[in-house]
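# Notes for the structure review
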Amino acid sequence: HLPYFFLVFIRVSSFFIAFPMFSMTTIPNRIIVIFSFSVSLFIWLLHPLNLSFELFSLQGLLITINQILIGISAGFVFIIIFNIFIYLGEIIAVQTGLGFASLVDPHISQLNILGQFFWLSSATTFLLLNGHLVVISILFKSFEIIPISTTFIGAIKIKKLIDFAGILFSGSVLISLPVIISLLAANFIFGVMTRSVPQLNLFSLSFPIIFILGMFIVYFSFQTIMDNTRDYFLSGFEMVKVLIGQK
């Protein structure tokens, strides 16, 4: 049974390594290994199976690679969803002037403050939806639907996964559209006023005003953003079920 446990561990650990909440640099690799080992142990005990092939063979190598691809494909769905809110923060930061911080010192962080804020908000929403329990239950069922074998998820499902990746760009733009339009209108007004009355030098005042306006818009649209977050995660759960053949 140990070769079967090894393959179960490979699929589960591949998923958690690709999963955004575990791929953070602040989480030690030891935690990922322990958590993957614990989940794999439960799956191994609940779905015992005797392998009909040698692990150290060409077939065993292909099956091991297959388990890695299945785990990474399922984790890639949540990479797409979490990156929606990272790009959302990037778009709003550029519009409000917060993007200048990365120009002054690009080594401060890979994410600006708004990207980190929306990422943490989406992670909190994921936990409030019991997403961690849903993900573990999907992993359990994946071994019933796609057992340890050379059977992959299929080219059609890979195409669906690629199409699903399109929401990474469309989703972040659509959510940030109210902020973009409001700030664009504000910039247009300041531009007209600067051209009309150049003595007032309104251009130097536009940066703090647009920043404050952007923060107000984010504050009032935050509930709508979180509602969209919930919808994206629910669609992500459905996409993972499609990948493993549960739907």
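The text that follows walks through the structure, step by step, so that each part is easy to find. Just so it is clear, the model here is predicted, and its values are computed rather than measured.

This part takes up the overall build of the chain. Looking only at helices and strands, one finds nine helices and zero strands in the chain. If you list the helices and strands of the chain from N to C, you get α-α-α-α-α-α-α-α-α. A total of 247 residues make up the chain; the buried ones form 42% of that total. A sequence separation of at least 24 residues applies to 85% of the contacts in the chain between residues at least 6 apart. By element, 72% of the accessible surface of the chain is carried by carbon and sulfur atoms, the whole surface being about 13800 Å².

Where helix H1 (residues 2–18) contacts helix H2 (residues 29–46), the axes come no closer than 8 Å and their chain directions differ by 135 degrees. Between H1 and H2, the interaxial angle falls into the category oblique. Of the two possible hands of crossing, H1 and H2 adopt the one that is right-handed. Contacts between H1 and H2 involve Tyr4, Phe5, Val8, Phe9, Val12, Ser13, Phe16 and Ile17 on the former and, on the latter, Ile32, Val33, Phe35, Ser36, Phe37, Val39, Ser40, Leu41, Ile43 and Trp44. Classifying every residue of the contact of H1 with H2 gives 15 nonpolar, three polar and no charged.

Turning to a nonpolar patch on the surface, a few remarks are in order. There is a patch of nonpolar side chains on the surface, built from Leu58, Leu61, Leu62, Ile65 and Leu69 and spanning about 480 Å² of accessible area. Secondary-structure assignment places Leu69 in helix H3 (residues 58–96).

Moving on: the nonpolar core. Counting 60 residues, the largest nonpolar core has Phe78, Phe82 and Phe126 as its most contacted members. Counting residues per element, the ones that place at least two in this core are H1, H2, H3, helix H5 (113–128), helix H6 (131–145), helix H7 (155–164), helix H8 (167–196) and helix H9 (202–243). Of all the elements, H3 adds the most residues to this core, at 14 residues. Those residues in contact with Phe82 that lie beyond four places of it in its chain are Phe19, Pro20, Met21, Trp119, Ser122, Ala123, Phe126 and Phe233.

Next up on the list: unusual backbone geometry. With phi around 55 degrees, Asn130 is a residue other than glycine that occupies positive phi space. Position of Asn130 among the secondary structure elements: in the loop between H5 and H6. For Asn130, a relative accessible area of 39% puts it in the partly exposed group.

A separate point is the pattern of salt bridges. Within the structure shown, the criterion is met by one salt bridge. In this structure, Arg230 and Asp231 form a salt bridge, with 3.8 Å as the shortest nitrogen-oxygen distance. Exposure remark for Arg230: the relative accessible area of 37% places this residue in the partly exposed category. When its relative accessible area of 40% is taken as the criterion, Asp231 is described as partly exposed.

Here the focus is the environment of Gln95. Looking at where Gln95 falls in the secondary structure, it is placed in helix H3. For the pair formed by Gln95 and Leu183, sequence separation is 88 residues and the distance between their alpha carbons is 6.9 Å. Leave out the neighbours within four places in its chain, and Gln95 touches Ile180, Leu183 and Ile210.

Time to look at the packing of aromatic side chains. Throughout the structure, instances matching the rule amount to 21 aromatic pairs. Taking the centre distance of 6.2 Å and the plane angle of 80 degrees together, the rings of Phe19 and Phe82 count as edge-to-face. Taken together, the positions of Phe19 in the loop between H1 and H2 and Phe82 in helix H3 put the pair 63 residues apart, joining distant regions of the chain. Taking the relative accessible area as the measure of exposure, Phe19 reaches 4% and is therefore buried. Here the aromatic residues Phe15, Phe16, Phe19, Phe35, Phe78, Phe82, Trp119, Phe126, Phe233 and Phe237 are joined through ring pairs into a cluster of three or more. Here the basic side chain of Arg11 rests over the ring of Phe143, its NZ or CZ set 4.2 Å away from the ring centre.

The rules we used
- Residues numbered from 1 in each chain as written.
- Predicted model: local features only at pLDDT ≥ 70, side-chain atom pairs only at ≥ 80, totals over all residues.
- Heavy atoms only, no water.
- Helix = DSSP H or I, 4+ residues; strand = E, 2+ residues; numbered from the N terminus.
- Buried < 20%, exposed > 50% of the residue type's maximum accessible area, 1.4 Å probe, protein only.
- Contact = heavy atoms within 4.5 Å.
- Areas by Shrake-Rupley, 256 points an atom, 1.4 Å probe, with all protein chains shown as cover.
- Axes fitted to C-alpha atoms, helices over the stretch in contact; angles between N-to-C directions.
- Parallel < 35°, antiparallel > 145°, perpendicular 65-115°, else oblique.
- Left-handed = near helix turned anticlockwise from the far one by under 90°.
- Nonpolar A, V, L, I, M, F, W, Y, C, P; charged D, E, K, R; others polar.
- Patch = residues over 30% accessible without salt bridge, like charges linked within 9 Å, V, L, I, M, F, W, Y side chains within 5 Å.
- Salt bridge = Lys/Arg side-chain N within 4 Å of Asp/Glu carboxyl O.
- Core = buried A, V, L, I, M, F, W, Y, C linked by side-chain atoms within 4.5 Å.
- Phe/Tyr/Trp six-rings, centres within 6.5 Å; stacked < 30°, edge-to-face > 60°.
- Lys NZ or Arg CZ within 6 Å of the ring centre and 35° of its normal.

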